[in-house]
Amino acid sequence: MGVNWKGSGTLVPGRAASMRILVNGDPQELPEPESVAALLCRLGLDARTVAVELNRVVVKRACYAETDVHDGAEVEIVAFVGGG
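In this text, all values refer to a predicted model and were calculated from it rather than measured experimentally.

Right, let's talk about the pattern of salt bridges for a bit. Close approach of charged atoms lets side chains of opposite charge pair. Here the structure, examined in full by the defined rule, presents 3 salt bridges. Between Arg 20 and Glu 29 there is a salt bridge whose closest N-O contact spans 2.5 Å. Classification of Arg 20 as exposed rests on a relative accessible area of 55%. The shortest N-O distance in the salt bridge between Asp 46 and Arg 48 comes to 2.7 Å. In this structure Asp 46 comes out as partly exposed when scored by relative accessible area, which is 31%. Arg 48 sits in the exposed class, given a relative accessible area of 65%.

Given below as structure tokens:
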């Protein structure tokens, strides 16, 4: 079972952004392109517990560090939650 993660506000407060992306449908700003791994770190998310889709394509966890997020990208992040 998954839970959609919703970010709030701007990813880089107090700095002018040079690119805009969507994270789970919410507009976000980044100073420059960065990897999926760096984006997850910036958001405080553990890459081991989420699935990431970039522009409607699922990104393999092994490729997070080498897959870049660019201006206009649409990122969907789903966090897995255990329960009983």
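Text resumes after the structure shown.
Two faces make up the sheet, and in a regular strand the side chains alternate between them. Where strand β2 (residues 19-23) meets strand β3 (residues 26-30), 5 bridges bridge the pair, whose relative direction is antiparallel. Of the residues in β3, the one forming a bridge with Ile 21 is Gln 28. Between β2 and β3, which pair antiparallel and follow one another directly, the connecting turn spans 2 residues, one of which, Asn 24, has a positive phi of 50°.

About the thresholds
- Throughout this description, residue numbers start from 1 for each chain and increase along the sequence as written.
- In view of the model being predicted, local features appear only for residues whose pLDDT reaches at least 70, and side-chain atom pairs are presented and counted only at 80 or more, with totals across whole chains, interfaces and linings using the full set of residues.
- With hydrogens and water stripped out, all remaining heavy atoms of the structure feed into the side-chain values.
- Any Lys or Arg side-chain nitrogen located within 4 Å of an Asp or Glu carboxyl oxygen qualifies as a salt bridge.
- Each residue is assigned to one of three classes by its accessible area relative to the maximum for its type, calculated with a 1.4 Å probe on protein chains only: buried under 20%, partly exposed between the two thresholds, exposed over 50%.
- The rule for pairing is simple: two strands pair if DSSP sees at least two bridges between them.
- Secondary structure counts use DSSP, requiring at least four H or I residues in a row for a helix and at least two E residues in a row for a strand, with both numbered from the N terminus.

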